[in-house]
Amino acid sequence: MTKNNKIAFGLLACSLVGVSLFAGGCGTQTAPPPPNVALVDHQVVVEYHPQMKSAQDAMKAEYDKIQNQVKDLDALPPEQHQQKIMEFQRSLTQMETDKLVPIQKAADAAVEDVRKDKNYSVVLDKRVAVAGGVDVTKDVLMKEGLSAEDADKAIADATKQSDGK
């Protein structure tokens, strides 16, 4: 073999090894799996949270109490009347925050728990999804403490309400 042939043979061998390594490397690399997306009816998850009924009852009782107190404000001068109304509004707003924020946080935690338990990449509110995804609303309701039967009933009730609107 001449010196030029040896060089050409060496280059050919190196290029074949390079191509096979490249092809083998490409064949073994896989694209990351597509995100597995779950959907949840977040409104249902919050509305049917086990603590929601007592929070609503407490807020209604406070509202009714304030409504009765407002009737007694007519005797006050307009400035004091307005000040009292603002105090009542602040009180109601604070109570709403105190009662509803913990429920919202608990609902979000239940969604996150289901996401982790079921190994989903992302959970979206079902109202933003056009197609695809797996509805995990029932799983989240059950994570919040509802029975499977009560979760099904909550979802059915919500569906009836949305269909009736």
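Please refer to the structure placed before this passage.
These numbers were taken from a predicted model, which means no experiment stands behind them.

### Some points on the overall build of the protein
Okay, so step 1: When you go through the protein residue by residue, the secondary structure sums to six helices and three strands.
Okay, so step 2: Moving toward the C terminus, one meets the helices and strands of the protein in the order α-β-α-α-α-β-β-α-α.
Okay, so step 3: At a minimum sequence separation of 6, the contacts of the protein that also span at least 24 residues come to 75%.
Okay, so step 4: Carbon and sulfur atoms form 57% of the exposed surface of the protein, whose accessible area is close to 11,700 Å².

### Details of the side chain of Thr137
Okay, so step 1: Structurally, Thr137 is set in helix 5 (residues 137-143).
Okay, so step 2: The residues touching Thr137, leaving out its near neighbours within four places in the chain, are Leu39, Val40, Asp41, Val44, Val45 and Ile155.

### Some points on the packing of helix 3 (residues 52-71) against helix 4 (residues 78-117)
Okay, so step 1: Between helix 3 and helix 4, the shortest axis-to-axis distance is 10 Å and the interhelical angle comes to 175°. Here helix 4 runs roughly antiparallel to helix 3, going by the angle between their axes. For the pair helix 3 and helix 4, contact is made by Met52, Ala55, Ala58, Met59, Glu62, Tyr63, Ile66, Gln69 and Val70 and by Ile85, Phe88, Ser91, Leu92, Met95, Glu96, Lys99, Leu100 and Ile103, respectively.
Okay, so step 2: Residue composition of the contact of helix 3 with helix 4, grouped by class: 13 nonpolar, two polar and three charged.

### Considering helix 4
Okay, so step 1: With 40 residues, helix 4 should reach 58 Å at 1.5 Å per residue; the first-to-last C-alpha distance of 58 Å fits that figure.
Okay, so step 2: Along its length, helix 4 reaches its greatest deviation from straightness, about 25°, at Leu100, and the proline Pro102 lies no more than four positions downstream.
Okay, so step 3: Buried within helix 4 are the following residues: Ile85, Phe88, Met95, Ile103, Ala107, Ala110, Val111 and Val114.
Okay, so step 4: Each element contacted by the buried residues of helix 4 is listed here: strand 1 (37-40), helix 2 (42-47), helix 3, strand 2 (122-125) and helix 5.
Okay, so step 5: Downstream of helix 4 by one or two residues, Asn119 has phi in the positive range, about 60°.

### Some words on the pattern of salt bridges
Okay, so step 1: If you walk through the whole model with that rule in mind, you get 12 salt bridges.
Okay, so step 2: Salt-bridge contacts for Arg127 lead to Asp125; the nearest nitrogen and oxygen are separated by 3.5 Å.
Okay, so step 3: A salt bridge links Asp157 to Lys153; its shortest N-O distance comes to 3.0 Å. Here Asp157 and its partner Lys153 are both found in helix 6 (residues 148-164), four residues apart, which amounts to about one turn of the helix.

### Observations concerning the environment of Val128
Okay, so step 1: Inspection of the secondary structure puts Val128 in the loop between strand 2 and strand 3 (134-135).
Okay, so step 2: Classification of Val128 by relative accessible area gives exposed; the value is 58%.
Okay, so step 3: Distance in space between the C-alpha atoms of Val128 and Leu39 is 9.1 Å, their sequence separation being 89 residues.

### Observations concerning the layout of surface pockets
One way to see where empty space is left: roll a probe the size of a water molecule over the atoms.
Okay, so step 1: Considering only enclosed or pocket space, the largest pocket measures out at about 190 Å³ in volume.
Okay, so step 2: Broken down by secondary-structure element, the contributors of at least two residues to the lining of the largest pocket are helix 2 and helix 6.
Okay, so step 3: Here the lining of the largest pocket takes five residues from helix 6, the largest share from any one element.
Okay, so step 4: When its residues are assigned to classes, the lining of the largest pocket shows three nonpolar, four polar and five charged.

### Looking at the side chain of His42
Okay, so step 1: By secondary structure assignment, the location of His42 is in helix 2.
Okay, so step 2: Judged by its relative accessible area of 18%, His42 falls in the buried class.
Okay, so step 3: Of the polar contacts made by the side chain of His42, one reaches the side chain of Asp108; its length is 2.8 Å.
Okay, so step 4: Those residues in contact with His42 that lie beyond four places of it in its chain are Gln104, Asp108, Val111, Asp125 and Arg127.

### A short note on the sheet that holds strand 2
Okay, so step 1: Spatially, the three strands line up as an open sheet ordered 2-1-3, and their pairing is parallel. The open sheet has two edge strands with one neighbour each: strand 2 and strand 3.
Okay, so step 2: Here two bridges tie strand 1 to strand 3, and the two strands are oriented parallel to one another. Counterpart to Ala38 in the pairing with strand 3 is Val134.

Rules and cut-offs
What you see as residue numbers is a count from 1 along each chain, following the sequence as written. Reporting in this predicted model follows two pLDDT cut-offs: at least 70 for local features of residues, and 80 or more for side-chain atom pairs to be given and counted; totals over whole chains, interfaces and linings ignore these cut-offs and use all residues. Computation of side-chain values covers all heavy atoms of the structure but excludes hydrogens and water. In this description a helix means any DSSP run of H or I spanning at least four residues, a strand means any run of E spanning at least two, and both kinds are numbered starting from the N terminus. The contact criterion used is simple: two residues touch if any of their non-hydrogen atoms lie within 4.5 Å. The method behind every accessible area is Shrake-Rupley, applied with a 1.4 Å probe, and residues are considered shielded solely by the protein chains displayed. Every axis corresponds to a line fitted to the C-alpha atoms, with the helix fit spanning only the stretch in contact, and the corresponding angles, defined between N-to-C directions, vary from 0 to 180 degrees. Should an angle fall under 35 degrees it is taken as roughly parallel, and over 145 as roughly antiparallel, whereas 65 to 115 is taken as roughly perpendicular and any remaining angle as oblique. We call Asp, Glu, Lys and Arg charged. Ala, Val, Leu, Ile, Met, Phe, Trp, Tyr, Cys and Pro are nonpolar, and the rest, Gly among them, are polar. Every helix has an expected span of 1.5 Å times one less than the residues it contains. Given a residue, its bend is the angle between the two axes fitted to the seven residues that end at it and to the seven that start from it. Three exposure classes are used, based on accessible area relative to the maximum for each residue type with a 1.4 Å probe and protein chains only: buried under 20%, partly exposed in between, and exposed over 50%. Salt bridges, as used here, are contacts in which a Lys or Arg side-chain nitrogen is within 4 Å of a carboxyl oxygen on Asp or Glu. In this analysis a 1.4 Å probe is tested at points of a 1 Å grid over the protein atoms alone, and where it fits but cannot get out there is a cavity; an open set with protein on both sides within 12 Å along at least five of seven lines is a pocket; lining residues have an atom within 4 Å of a point. Grid points are joined across faces, edges and corners, and a volume is the space filled by probe spheres set on the points. Throughout this description, a polar contact denotes any pair of N or O atoms lying within 3.5 Å of each other; where both atoms belong to protein, one of them has to be capable of donating a hydrogen while the other can accept it, and for residues adjacent in sequence the pair is counted only when both atoms sit in side chains. For two strands to be treated as a pair, DSSP must find no fewer than two bridges joining them.

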